[in-house]
Amino acid sequence: MSARGKARRRALDILFEAELRSEPATKVLAERVERAEPPVNEYTSALVEGVDRHRARVDELISTYSEGWTLDRMPAVDRNLLRAGTYELLWMPDVPEAVVISEWVHLASELSTDESPQFVNGLLARFKQLKPSLVL
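Criteria and thresholds
Residues numbered from 1 in each chain as written. Predicted model: local features only at pLDDT ≥ 70, side-chain atom pairs only at ≥ 80, totals over all residues. Heavy atoms only, no water. UniProt positions renumbered as here; feature names shortened; annotations may be inferred. Helix = DSSP H or I, 4+ residues; strand = E, 2+ residues; numbered from the N terminus. Core = buried A, V, L, I, M, F, W, Y, C linked by side-chain atoms within 4.5 Å. Buried < 20%, exposed > 50% of the residue type's maximum accessible area, 1.4 Å probe, protein only. Contact = heavy atoms within 4.5 Å. Salt bridge = Lys/Arg side-chain N within 4 Å of Asp/Glu carboxyl O. Expected span 1.5 Å × (residues − 1). Polar contact = N/O pair within 3.5 Å; in protein donor to acceptor, adjacent residues only side chain to side chain. Axes fitted to C-alpha atoms, helices over the stretch in contact; angles between N-to-C directions. Parallel < 35°, antiparallel > 145°, perpendicular 65-115°, else oblique. Left-handed = near helix turned anticlockwise from the far one by under 90°. Nonpolar A, V, L, I, M, F, W, Y, C, P; charged D, E, K, R; others polar.

**Points about the UniProt feature "domain: NusB/RsmB/TIM44" (unreviewed entry) in the protein chain**
On the UniProt side, "domain: NusB/RsmB/TIM44" (unreviewed entry) is annotated at positions that read residues 6-128 here. Measuring from the first to the last C-alpha atom of residues 6-128 gives 23 Å, for a span that is 76% helix and 0% strand.

Dropping the structure here:
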């Protein structure tokens with residue numbers, strides 16, 4: 001797994017843990033940085049902080065474009081995969097869009113249900129298509 005792949009996985013772990021603990025993701029991130037076991041790299045921090053900063057808009061986009069699924073009905077792992085993938089796709093222009101989608105779909109296939117990779121792929125691909133017209 002690439003360094004950014006590991007960073008994405010660690011960011012997902014932090015976002016998921018924060019949701020389970022009902023705490024801000026930045027608080028869980030700070031605890032992980034302080035503990036440094038395993039070390040948290042800059043890309044993980046950028047993803048978690050970005051999702052936290054843009055959470056309301058990210059959740060609004062996911063809710064608007066996920067057909068037949070509310071955020072509350074999604075598995076928690078899918079919800080956080082989509083949050084991080086949406087943030088990375090729309091707010092981190094230095095990463096190729098196809099790579100972003102591929103990486104988050106890969107994590108969905110490893111960590112979630114059999115249907116999750118297709119769902120994550122479809123929604124992130126839709127955001128890629130709509131990106132020029134979305135108000136961020």
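**Here's the deal with the nonpolar core**
Counting 42 residues, the largest nonpolar core has Ile62, Leu82, Trp104 and Phe127 as the members making the most contacts within it. Where this core is concerned, the elements lending two or more residues are helix H1 (3-21), helix H2 (25-35), helix H3 (42-53), helix H4 (55-65), helix H5 (76-91), helix H6 (97-111) and helix H7 (116-130). Here this core takes eight residues from H5, the largest share from any one element. Each residue touching Ile62, except ones within four places of it in the same chain, is listed here: Leu71, Met74, Leu82, Arg83, Thr86, Leu123 and Phe127.

**Comments concerning the pattern of salt bridges**
One pass over the full model with this rule turns up 15 salt bridges. One salt bridge connects Arg79 with Glu19, and the closest N-O pair in it is separated by 2.4 Å. Here Arg79, found in helix H5, pairs with Glu19, found in helix H1; they are 60 residues apart in sequence, far enough to count as distant. Under the relative-accessibility criterion, Arg79 is labelled buried at 10%. Among the ionic pairs, Lys131 bridges to Glu97, the shortest N-O distance being 3.2 Å. Pair noted here: Lys131 is in the segment after H7 and Glu97 is in helix H6, with a separation of 34 residues, a long-range link. Since its relative accessible area comes to 25%, Glu97 is described here as partly exposed. Each of Glu17, Arg21, Glu23, Lys27, Glu31 and Arg32 takes part in one network of salt bridges that share partners.

**Regarding H1**
Taking 1.5 Å of rise per residue, 19 residues should cover 27 Å, and H1 covers 27 Å from first to last C-alpha, within 8% of that figure. Those residues of H1 that sit buried are Gly5, Ala7, Arg8, Ala11, Leu12, Ile14, Leu15 and Ala18. In this fold, the buried residues of H1 make contact with H2, H3, H5 and H6. Trailing H1 by a residue or two, Ser22 shows a phi angle of about 55°, which is positive.

**Observations concerning H7**
Across its 15 residues, H7 extends 21 Å between first and last C-alpha, which sits within 8% of the 21 Å expected from 1.5 Å per residue. Residues of H7 that are buried include every one of Ser116, Pro117, Phe119, Val120, Leu123, Leu124, Phe127 and Leu130, and no others. Against H4, H5 and H6 lie the buried residues of H7.

**Some details on the side chain of Ser66**
By the secondary structure assignment, Ser66 is in the loop between H4 and H5. Separated by 2.7 Å, the side chain of Ser66 and the backbone oxygen of Ile62 make a polar contact. A distance of 2.9 Å separates a polar atom in the side chain of Ser66 from the backbone oxygen of Trp69. Setting aside chain neighbours within four positions, we find Ser66 in contact with Met74, Phe119 and Leu123.

**A word on the packing of H1 against H2**
Where H1 meets H2, the closest approach of the two axes is 8 Å, and the angle between their N-to-C directions is 120°. Classified by the angle their axes make, H1 and H2 are oblique. The handedness of the crossing between H1 and H2 comes out as right-handed. The residues of H2 that touch H1, namely those facing Asp13, Ile14, Leu15, Glu17, Ala18 and Arg21, are Ala25, Val28, Leu29, Glu31 and Arg32. Here the residues of the contact of H1 with H2 are counted per class, giving six nonpolar, no polar and five charged.

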